[in-house]
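Here's the letter readout for the chains.
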Amino acid sequence: CGGGAKKQLLLFPFVEYEKLYPFPVTHPCDRQSMVDVARPDLEAFPAFATASGQYTTLQPADLVFLPYGWFHWLRNDDALSISLSFWSLSTKKERVPDVFSAHDLTLVRRNLEKHMAARFGAALFPQRMRRLLRLIDAGPGGETSDGVVGEVLAEARTLLGAVQVADPEKQDEFLRSMLRVRFEGEWQGHG
């Protein structure tokens, strides 16, 4: 905080990712939550009610370190406030971990979504992600996989197997949670 101003700060760890309803990676508001934290619409975003964040009031000259991926919300308490941000490039892990933490799996979700966006293309991304969700919900012997959507599902399953989510039911659960939060509802009216 600068200029003698106070700010309210709310932080959410990266593992709360799905409960914060981030915009899809192809949206201009990528890395931002669809939830208005000051006035959350719990009908549209019900999982936000269970999100666990940390709240504080920043005093003048306070310094805050935000770990990679943490969501933050700020509100000025005073009319004039100045903030400075410095970004650090995070280093990539050199090897695949033996055990994937909740944080690691959140990174997998985001990177998997980025891969899917690249394969589907931005224009068809939301539509094809909803198609992918229907394909997963139909289960084996249900809806048939078609073209690129079926290919992307197979690629996702291969990736999830590599990150220790080998059981097909657990893979479906992982993908459903990723897709429902981001693509089942309408996010165009938010942000």
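Above this text is the structure in question.
So, how was this worked out
Residues numbered from 1 in each chain as written. Predicted model: local features only at pLDDT ≥ 70, side-chain atom pairs only at ≥ 80, totals over all residues. Heavy atoms only, no water. Pairing = 2+ DSSP bridges. Helix = DSSP H or I, 4+ residues; strand = E, 2+ residues; numbered from the N terminus. Axes fitted to C-alpha atoms, helices over the stretch in contact; angles between N-to-C directions. Parallel < 35°, antiparallel > 145°, perpendicular 65-115°, else oblique. Left-handed = near helix turned anticlockwise from the far one by under 90°. Contact = heavy atoms within 4.5 Å. Salt bridge = Lys/Arg side-chain N within 4 Å of Asp/Glu carboxyl O. Buried < 20%, exposed > 50% of the residue type's maximum accessible area, 1.4 Å probe, protein only. Expected span 1.5 Å × (residues − 1). Arc of directions from axis to C-beta.

1. Some details on the sheet that holds strand β2 (residues 54-58)
So, step 1. Taken in spatial order, the three strands line up as β2-β1-β3 in an open sheet, and their pairing is antiparallel. The open sheet is flanked by β2 and β3 (71-76), the only strands paired with a single partner. Here the average twist between neighbouring strands, direction ignored, is 20 degrees.
So, step 2. Bridge count between strand β1 (residues 7-12) and β3: six bridges; the pairing is antiparallel. Its bridge partner lying in β3, Leu 10 is registered against Trp 73.

2. Here we look at the packing of helix α2 (residues 125-138) against helix α3 (residues 147-162)
So, step 1. Contact pair α2 / α3: the axes reach a minimum separation of 10 Å and the direction vectors enclose 65 degrees. It follows that α2 is roughly perpendicular to α3 by the angle criterion. Considering how the two elements wind past one another, α2 and α3 form a crossing that is right-handed. Of α3, the residues touching α2 (which contributes Arg 128, Arg 131, Leu 132, Leu 135 and Ile 136) are Val 148, Val 149, Gly 150 and Leu 153.

3. Re the pattern of salt bridges
So, step 1. Within this structure, the stated rule accounts for eight salt bridges.
So, step 2. Across the salt bridge formed by Arg 110 and Asp 30, the nearest N and O atoms sit 2.9 Å from each other. Within this pair, whereas Arg 110 is found in helix α1 (residues 102-120), its partner Asp 30 is found in the loop between β1 and β2, the two being separated by 80 residues in sequence.
So, step 3. Accessibility expressed as a relative area gives 6% for Arg 110, which makes it buried.
So, step 4. Measuring nitrogen to oxygen at the nearest pair gives 3.1 Å for the salt bridge that ties Glu 155 to Arg 119. With Glu 155 in helix α3 and Arg 119 in helix α1, this pair connects stretches of sequence that are 36 residues apart.
So, step 5. Taken together, the shared-partner salt bridges connect Arg 119, Glu 151 and Glu 155 into one network.

4. Here's the deal with α3
So, step 1. Taking 1.5 Å as the rise per residue, α3 with 16 residues should run 22 Å; its terminal C-alpha atoms sit 23 Å apart, in good agreement.
So, step 2. Along α3, the positions that sit buried rather than exposed are Val 149, Gly 150, Val 152, Leu 153, Ala 156 and Leu 160. Taken down its axis, α3 places every buried residue within 160 degrees of arc, on the same side. Exposed positions of α3 whose direction lies more than 90 degrees from the buried face are Gly 147, Thr 158 and Ala 162.
So, step 3. Downstream of α3 by a residue or two, Gln 164 has a phi angle that is positive, lying close to 70 degrees.

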